[in-house]
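# Notes for the structure review
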Amino acid sequence: MSLLSSNYSEEFINSYLKELNIETINIMIPAIVFLVGIAVLGAVGNSLVLILYWRKRTSRPNRIFILTLSSFDLLTNVFVVPEDIYDMFDYWTFNRPALCRARHYLYTCNTIASSLALLAICVTRYRKICRPFGRQVTVTHAVVACIVLTFLSLLFSVPTAIMNGVKTSKTPHEGIYGYQCGYQDVYLKTKWPMINAAFFILLFILVCTPLVVLYILIGVKARHHKSFRISSVASRSYSMTSSSEVRETVSKLTEEVNNESVCAEDAKAEISVATSSLDTYKTTDVHDEVFTYTRPKQDETTMSSDKYAENSSFRIQSAPNKKNNKEQNSYRMRKKSSILNRGRSESQVSTISVRKSNRTTVMLASITIVFILSFLPFLAVLFYKFAAPESFNRLSPEVESLCHLLLRSYLLNTAANPVIYNLCDVNFRRECFKLLKFW
């Protein structure tokens, strides 16, 4: 379809528009290749995300938000991107208004829903890291939030669907017009297209500002936690090393007393010094230990030793024989080993938990960064197109080709999310390999 001029026949106009379509396709080749890659990567990746996250047994708020994001992204990869590719092959002879409305409506829904979902994820992460003792976002809250943001995206996308359709466009040939997908002629001379564009720019600013601020606060808090954890681990290691040296000294002295190789009083005096050092490091388990030795005689030296033992923080008791001493020593060694191993295990579990939390934060922050960066080129070219339409129509083929590519940069975030999950989540990557091998 085309607007006819009295100077040209319909056959000539249709032939010219077909040639113009071919020229436009050559200009659109970079954008077409980009969209094909987005469609394939996004469809496969988001399908894997939906399958793997749906099969997860643990239900958490982030899981609900990620499922919502992937659903809208998959919808865009399957319907919006192929329709955009079709539009490029029929750029000057497009005459399917319903298809154009559906494409712009779904794209707008995805934009609004994705931005609100990312904001909800950011708030959830902020509450968990910066306000751990406050009220947290639950799974129920996440489900309600996803329902609300879906409803809002469907509602605010209606004006876009109403205004878009088929518009007439001037061709380089004077007096010949073609048909393209875009704002209808009846709305082009009004302020509604500009108001609609201003609404999305405002939405972008209102969403990006809290996203940037909250993730900066999360990063500062995470860095503070890391510094505190390093100092705590270093202090704990020093304390454990020092107390271990003291315990080793006490154990050797006790063994020498049991073997009657040193004077009991001298040994007890050294044990007293060692235990006072142990108190300095604030370890408590050593004070519960029982040291034994064999008393050769009940003389004055031994009696004074007994009085010393009563006033000491250690209780030194007589043992009937060396066999019992060995059994008690063996029991105490097992007890010490168990306490130390338990401390190491708790420290390792805490470290793994913190690392996992940090990886999750990095993953969600990366999704937000890609979302913001993918929209900046699109908004810049769109502003230039509306602000200087005549200058935009006079661009060289190379610059026009680049502009058409940048006008679709926003679609990058629909395929980038599965890649980010794969890079940041080891479990997701492992499950993807298992699922692909099964197929």
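Keep in mind it's a predicted model, so treat the numbers as computed, not measured. (Residues numbered from 1 in each chain as written. Predicted model: local features only at pLDDT ≥ 70, side-chain atom pairs only at ≥ 80, totals over all residues. Heavy atoms only, no water.)

### Here's the deal with the overall build of the chain
Regarding its fold elements, the chain presents 14 helices and four strands. Of all 439 residues assigned to the chain, the portion counted as buried reaches 39%. Sequence separation of at least 24 residues holds for 77% of the intrachain contacts in the chain that already meet a minimum separation of 6. Approximately 25,200 Å² of the chain is accessible, and the part contributed by carbon and sulfur atoms is 63%. (Helix = DSSP H or I, 4+ residues; strand = E, 2+ residues; numbered from the N terminus. Buried < 20%, exposed > 50% of the residue type's maximum accessible area, 1.4 Å probe, protein only. Contact = heavy atoms within 4.5 Å. Areas by Shrake-Rupley, 256 points an atom, 1.4 Å probe, with all protein chains shown as cover.)

### Re the pattern of salt bridges
A complete count under the given rule lists six salt bridges for this structure. Note that Asp 90 is salt-bridged to Arg 96, the shortest N-O span being 3.6 Å. Exposure remark for Arg 96: the relative accessible area of 39% places this residue in the partly exposed category. Put simply, Lys 434 and Glu 431 hold a salt bridge, and the shortest N to O gap is 3.9 Å. Taken together, the residues Lys 434 and Glu 431, both in helix α14 (residues 426-438) and three residues apart, mark about one turn of the helix. Owing to a relative accessible area of 48%, Lys 434 belongs among the partly exposed residues under this scheme. Linked by salt bridges that have partners in common, Glu 83, Asp 84, Asp 87, Arg 103 and Arg 408 make up one network. (Salt bridge = Lys/Arg side-chain N within 4 Å of Asp/Glu carboxyl O.)

### Concerning the packing of helix α1 (residues 10-54) against helix α12 (residues 397-406)
One can describe the packing of α1 onto α12 by two numbers: an axis separation of 7 Å at closest approach and a directional angle of 25°. As the angle between them shows, α1 and α12 are arranged roughly parallel. Seen along the crossing, α1 lies across α12 with a hand that is right-handed. Along the contact surface, α1 presents Ile 27, Met 28, Pro 30, Ala 31 and Phe 34, while α12 presents Pro 397, Glu 400, Ser 401, His 404 and Leu 405. Along the lines of polarity and charge, the residues of the contact of α1 with α12 split into seven nonpolar, two polar and one charged. (Axes fitted to C-alpha atoms, helices over the stretch in contact; angles between N-to-C directions. Parallel < 35°, antiparallel > 145°, perpendicular 65-115°, else oblique. Left-handed = near helix turned anticlockwise from the far one by under 90°. Nonpolar A, V, L, I, M, F, W, Y, C, P; charged D, E, K, R; others polar.)

### Some points on the packing of aromatic side chains
All told, the structure shown has 15 aromatic pairs when counted by the stated rule. A centroid spacing of 6.0 Å and a plane angle of 35° characterise the contact between Tyr 53 and Phe 428, whose relative ring orientation is tilted. Taken together, the residues span a long stretch of sequence, with Tyr 53 in helix α1 and Phe 428 in helix α14 at a distance of 375 residues. On the basis of an interplanar angle of 65° and a centroid distance of 6.0 Å, the ring pair of Tyr 384 and Phe 392 is categorised as edge-to-face. Among the aromatic residues, those joined into a ring-pair cluster are Tyr 107, Phe 204, Phe 371, Phe 375, Phe 378 and Tyr 410. (Phe/Tyr/Trp six-rings, centres within 6.5 Å; stacked < 30°, edge-to-face > 60°.)

Limitation: the analysis is restricted to geometry and does not speak to function.
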